[in-house]
Amino acid sequence: MKKSFLFFLFGVFSTFTVLAQQTIVKGSVKDAVTDEPIPDVTVTIEESNLTTKTDAFGQFAFKQNLPLGEQILKIEKVDYTTKRYPIVVNEGKTLDIQDMTLSYNASDKKDLYIISISDDQLNSEDDGLTSNVSGLLQSSRDVFLNAAAFDFSATFFRPRGLDNANGKVLINGLEMNKQATGRPQWGNWGGINDLQRNQEFSMGSTPNDFNFGDLAGTNNIVMRASKYREGGRLSFASANRSYEGRIMASYNSGLMEDGWAYSLLASRRFGDGGYIDGTLYDANSFVAVVEKKINDKHSLNFTSIYAQNRRGRSTAITEEVFRLKGRQYNPFWGDLNGDIRNSRIRRIEEPILMLNHYWDISEKTSINTNIGYQFGQIGNTRIDNGGTRLVRFNGQDSYIGGARNTDPTYYQNLPSYYLNVDGGPTAYDYEQAYIAQQNFVNDGQFDWNALYTANSTFENSVYAVQEDRIDDKQLMANIILASELSDNIRLNASVNYRNLKSENFAEVSDLLGGSGYLDVDFFSDEPAQNTDGTLTTAQSDVRNPNRIAREGDRYKYNYEIDANVLSGFAQAVFKYSKVDFYLGGSISKTDYQRTGLFENGYFVGNSFGKGPKVEFENFGAKAGLTYKISGRHLLDFNGVYMTKAPSIRNTFANVRQSNMLLQDVDSEKITSVDASYIFRSPIVKARLTGFYSTTEDGTDTGFFFSEGAGNNLVQEAITNIETQRIGGELGIEAQVTPTIKVKGAASFGQYIYNNNPNLTYYSQEFGTGTAQFGDGTTNLKDLHVAGGPERAFQIGFEYRDPDYWNIGVTANHFSNAYVDPSALKRSAAFVTDPELYSETQFQDNTQGGQNYVVTGGEINDVDPTVAKQLLQQEQFDDYMLVNIIGGKSWKVNDYFIGFFATINNVFNQEYRTGGFEQSRRVDYRSQLQEQTNPNGPVFGNRYFYGNGTTYYLNVYVRF
């Protein structure tokens, strides 16, 4: 008996000793929203054969054959976002990881990444009005692209030198890029953050299930009622960036037992001004999404979006204005009866309706059919100061009226104007400059009262508020096929159609106290009148001459654009143990046609009725390969060649007044290749990429007043543009501890013009003709394509505490940003005296007009050294921005309460985000005089300045 008892004690102590020395990894998994344990979660220690599942209480444990050292613990479950945790396994120790969380996503696209996005990240629809791509990149999990979207975007940074016209934005598979500009209009779905957190992003030309894509990538916003988790969210945001406050409420039913699901959202954003003075914000958004799951194979989803947005605008300013008023100055607003009123208001009101049918033919094949309709209006106001009254003497018409420019920054209001005199300024000139300076510093805002006073003096309004309107009606439809042909091959294909009818016109928005506005061109200098004495060229519509326009009437211009795009694409994706690769192709046909509703006096016979239809046929091909050296090391290659139809904006000449087409317009030809090395370890994730792309036959247009083009308001058309973009990008992050992550990002590029493009000018003064200088080219070769800094570097860290709070800090350095160069200044106009112009006809164009070369009066005292300095492209100074982000959340009964906040540009750094050279005075002598002006150039470069220190705070409740 005693011997048996001794054996029993020995066994017990031996068991305790073994248990004390056993290596164990255990933990638990909970739902990130409900805080409830999740059973049947697959838990794997990567690069081992160890896999287990959580029990009914969300618990799991590994107790045998554990690999030691640094490992990766992966937790995954269907309809949840997979997570990977770095761990360290020590022999004889127990590692207990409690309360790991998984986020529900209900994605049925296992090969695409869907990410939950924060409110501040989704707020980037404000950036959609610029040419960056932050909105496109916001759903990417890539380290570098996250830096580009959320830290670099404030500087107008463009990854690989591409803007958002080079990317595609889809909602439920339907393309939302505008046909007029090729860019997405982010304001069409602004303020609906809670229903836009599910987004699928394909980087660059990599495979996308819905669309052939473009160089900057493709982002599909998934808005299906059945894919939203049941529950609601109420939030309030405060900021000093674009708006001052935002209230948002949303509720999702989830998929109910009867197969129905719905989601509702309402939000309001408001503010008297953002960081820039006078930029009011007034926006309301409403969304309803309803889905019916008919059976296991069919589901119908209806989405309706109404996002009304009204914003006060600001503008680029010269260095002189910046010195006098600072970077928050905005000349567009002024005081009216104690209220701030902005003369430039941008208004967007374009509801979107969508119906989506999802058909799972089998477990391997599905068809998605979508139809959408968008309608509404976009308006941009400005002051029309050309109001006149009609005077008839001896049967001949004449017009009396018109007024000076109302812009407070008009060059004659600034000190530089009084010092820009031949022979140098006198004491009197300095006195006048000082008076102008004091007036501008002490006031310098828009004078609304002066406009009302002037209008009360005359029969017709001298001043009126003009709203340039675009009323679009667009029908969108497509059919998308996805099929798993085998375990290794996936096929995607689609057919897409878009039809646009766009009404474009000017409307009298406000007569500013007057009774009517005479719809004629005060600046017409027609030498002879027609038989009834009417000045023909002055008429906006010769079929209704000398018309008095009232508030709400269309005037000045009125036309329609009809556009059709039919396209198709197909791609095959092959996945094997060592190599993945894909092949894709696309074809499309695009046509545009203008229909004039006014017959303009400058273009009689070529402005009313239907103009010629222009058609473009395009195609694209792409391919890529990923070679898996090992589980940690990958090589990735992508290449694409595609042609792309020009936008509506870049197709027509003087589109507001005539049916003319631009000369030499062709589809743009794009070639791009990139290669990446990707490293993934338990601690470090990194991607190093080199890229190279070229474009040919590009077109760019602009409108401005120029003394160098005969004192005319002209349309500048730069055609046959070739560009080259080359560089590299790096993103790296290291999970140095379970709570601390260190990250870095870098972009190094050079984006230049690769040729000397053609330069042509159109104007009402030329009729259906054109004008060119010298050989008709502009010397842009080797100049930089403007568009934010070419080099950007980031280093930062994130700390995520187990007690549900986090903080992150990034330092971001930017350099090699350039001003947008004037094409006119780099043409033969630079060495041509504008007072001695002569014209030589060189050919009749296809539209019945005469083309002219501007010659003669060559400036013969050009100093080559000085000329080189005058034509040098300005490079902006380097700068660094520090940003901070943090947040905290709590669970109170069944409610989740939290906040997060960001502070951008912590040290209030002053910097320029972009700018452009003015083309008003471009000849050598004028430029020389401009640059030697004691108070700076009168028509100097205009700059966009970045915000100082700004914040964004969001408080929310989830239930």
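Notes on the structure in this doc start here. Residues take numbers from 1 onward in each chain, read along the sequence in its written order. Residues qualify for local features only when their pLDDT is at least 70, as the model is predicted, and side-chain atom pairs are given and counted only at 80 or more; totals for whole chains, interfaces and linings, by contrast, use all residues. Excluding hydrogens and water, the side-chain values take into account all heavy atoms of the structure.

1. Regarding the sheet that holds strand β7 (residues 94-102)
Here comes step 1: Strand pairing is defined by DSSP finding a minimum of two bridges between the two strands. Helix and strand labels come from DSSP, where a helix needs a run of H or I of at least four residues and a strand needs a run of E of at least two; each type is numbered from the N terminus. The strand order across the open sheet built from three strands is β4-β1-β7, with neighbouring strands paired in mixed fashion. In this open sheet, the two strands that pair with only one neighbour each are β4 (59-62) and β7. Put simply, the sheet's adjacent strands are angled 20 degrees from each other on average, direction ignored.
Here comes step 2: As paired elements, strand β1 (residues 24-31) and β4 share four bridges and run antiparallel to each other. Note on β4: the bridge partner recorded for V25 is F62. Axis definition: a line fitted to C-alpha atoms, over the contacting stretch in the case of helices. Angles run 0 to 180 degrees between N-to-C directions.

2. Let's talk about the environment of G254
Here comes step 1: Looking at the secondary structure, you find G254 in the loop between β13 (245-252) and β14 (260-271).
Here comes step 2: Only protein chains enter the accessibility calculation, which uses a 1.4 Å probe; a residue whose area is less than 20% of its type maximum is buried, one above 50% is exposed, and one in between is partly exposed. Take G254: its relative accessible area is 6%, and that puts it in the buried class.
Here comes step 3: For the pair G254 and Y228, spaced 26 residues apart in sequence, the C-alpha separation works out to 6.0 Å.
Here comes step 4: Two residues qualify as a contact provided that any one of their heavy atoms is within 4.5 Å of a heavy atom in the partner residue. Dropping the residues within four chain positions of it, G254 is found in contact with Y228, E230, W260, A261 and Y262.

3. Some details on helix α4 (residues 143-150)
Three or four residues apart is the spacing at which side chains of an α-helix point the same way, because the helix has 3.6 residues per turn.
Here comes step 1: Within α4, six of the eight residues are buried, which leaves the element mostly enclosed by the surrounding structure.
Here comes step 2: Of all the positions in α4, only V143, F144, L145, A147, A148 and A149 are classed as buried.
Here comes step 3: Capping the start of α4 is the job of one residue whose side-chain oxygen sits 3.0 Å from the backbone nitrogen of F144: D142. Counted as a polar contact is a pair of N or O atoms within 3.5 Å, where, for protein atoms, one must be capable of donating a hydrogen and the other of accepting one, and residues adjacent in sequence contribute only when both atoms are in side chains.

4. Some remarks on the packing of aromatic side chains
Here comes step 1: Any Phe, Tyr or Trp ring, taking Trp's six-membered ring, that has another such ring centre within 6.5 Å forms a pair; planes under 30 degrees apart are called stacked, those over 60 apart edge-to-face, and the others tilted. Applying the stated criterion across every chain, the model contains 34 aromatic pairs.
Here comes step 2: Here F619 and Y641 contribute two aromatic rings whose centre-to-centre distance is 5.9 Å and whose plane-to-plane angle is 45 degrees, an arrangement assigned as tilted. With F619 in strand β32 (residues 614-628) and Y641 in strand β33 (residues 633-644), the pair connects residues that are 22 residues apart, well separated along the chain.
Here comes step 3: In this structure F619 comes out as partly exposed when scored by relative accessible area, which is 42%.
Here comes step 4: Aromatic pair Y761 and F773: ring centres 6.2 Å apart, planes at 85 degrees, arrangement edge-to-face. Note that Y761 is positioned in strand β38 (residues 758-762) and F773 in strand β39 (residues 770-773), a separation of twelve residues in sequence. You'll find Y761 and F773 in the same group, each marked buried.
Here comes step 5: Following the ring pairs from residue to residue traces out a cluster consisting of F144, F152, F157, F814, Y879 and Y911.
Here comes step 6: Sitting over the face of the ring of Y358, R224 holds its NZ or CZ atom 3.6 Å from the ring centroid.
Here comes step 7: Comment: the charge-over-ring label is applied if NZ (Lys) or CZ (Arg) is within 6 Å of the ring centre and within 35 degrees of the ring normal. Cation over ring: R554 sits above F505, and NZ or CZ is 3.7 Å from the ring centre.

5. Digging into the pairing of strand β45 (residues 895-904)
Here comes step 1: Side chains F896, G898, F900, T902 and N904 of β45 all project onto a buried face; the interleaved residues Y895, I897, F899, A901 and I903 project onto a face where none is buried.
Here comes step 2: Sheet topology places strand β44 (residues 879-892) next to β45; nine bridges connect them, and they run antiparallel. What sits directly across from K888, in β45, is F899.
Here comes step 3: In the sheet, β45 pairs with strand β48 (residues 950-958) via nine bridges, with the strands oriented antiparallel. Within β48, the position partnered with F896 by the bridge is R958.

6. Description of the pattern of salt bridges
Here comes step 1: Each reported salt bridge corresponds to a side-chain nitrogen of Lys or Arg within 4 Å of a carboxyl oxygen of Asp or Glu. Evaluated as defined, the whole model comprises 51 salt bridges.
Here comes step 2: Residue D282 pairs with R268 through a salt bridge whose shortest N-O separation is 2.7 Å. Of this pair, D282 sits in strand β15 (residues 281-293) while R268 sits in strand β14; the two residues are 14 residues apart in sequence, bridging distant segments of the chain.
Here comes step 3: Under the relative-accessibility criterion, R268 is labelled partly exposed at 33%.

7. Structural notes on the sheet that holds strand β10 (residues 199-202)
Sheet strands associate in pairs through backbone hydrogen bonding, adopting either a parallel or an antiparallel arrangement.
Here comes step 1: If you walk across this open sheet you meet the four strands as β9-β8-β11-β10, and the pairing is mixed. Strands with a single pairing partner mark the edges of an open sheet, and in this sheet they are β9 (174-175) and β10.
Here comes step 2: Pairing analysis gives four bridges linking β10 to strand β11 (residues 218-221), with the strands arranged antiparallel. Bridged to Q199 within β11 is I221.

8. A few points about the nonpolar core
Here comes step 1: Buried residues of nine kinds, namely Ala, Val, Leu, Ile, Met, Phe, Trp, Tyr and Cys, make up a nonpolar core once their side-chain atoms join them within 4.5 Å. Of all hydrophobic cores here, the largest spans 27 residues; its most connected members are Y555, I561, Y592, I648, F652, L662 and Y762.
Here comes step 2: Element by element, the count of residues in this core is highest for strand β29 (residues 554-575), at five residues.
Here comes step 3: Ignoring any residue separated from it by four or fewer positions in sequence, one finds Y555 in contact with D384, Q466, A506, E507, V508, Y517, D519, R547, A549 and F598.
Here comes step 4: Of all hydrophobic cores here, the second largest spans 21 residues; its members include V169, W186, Y228 and M354.

9. Overview of the environment of L264
Here comes step 1: Here L264 is to be found in strand β14.
Here comes step 2: Sequence-distant contacts of L264, that is, excluding residues within four places in its chain, are made with A249, S250, Y251, V287 and A288.

10. Structural notes on the environment of T695
Here comes step 1: Along the chain, T695 falls in strand β35 (residues 684-706).
Here comes step 2: Once you skip the residues sitting within four places of it in the chain, T695 turns out to touch E668, K669, I670, I721, E722, T723 and R725.

11. Things to note about empty space enclosed by the protein
Here comes step 1: Using a 1 Å grid laid over the protein atoms alone, points where a 1.4 Å probe fits but cannot get out form a cavity; open sets with protein on both sides within 12 Å along at least 5 of 7 lines form a pocket; any residue with an atom within 4 Å of a point counts as lining. Grid points are joined across faces, edges and corners, and a volume is the space filled by probe spheres set on the points. Summed over the entire model, instances satisfying the criterion amount to eight cavities of 30 Å³ or more.
Here comes step 2: When its volume is computed, the second largest cavity comes out at roughly 80 Å³.
Here comes step 3: Going through the elements one at a time, β34 (668-680) and β35 are the ones with two or more residues in the lining of the second largest cavity.
Here comes step 4: Of the residues contributing to the lining of the second largest cavity, the split by class is five nonpolar, four polar and two charged. In this count, Pro and Cys sit with the nonpolar residues alongside Ala, Val, Leu, Ile, Met, Phe, Trp and Tyr, while Asp, Glu, Lys and Arg are called charged and the others, Gly among them, polar.

No statement about biological role is implied by the geometric values presented.
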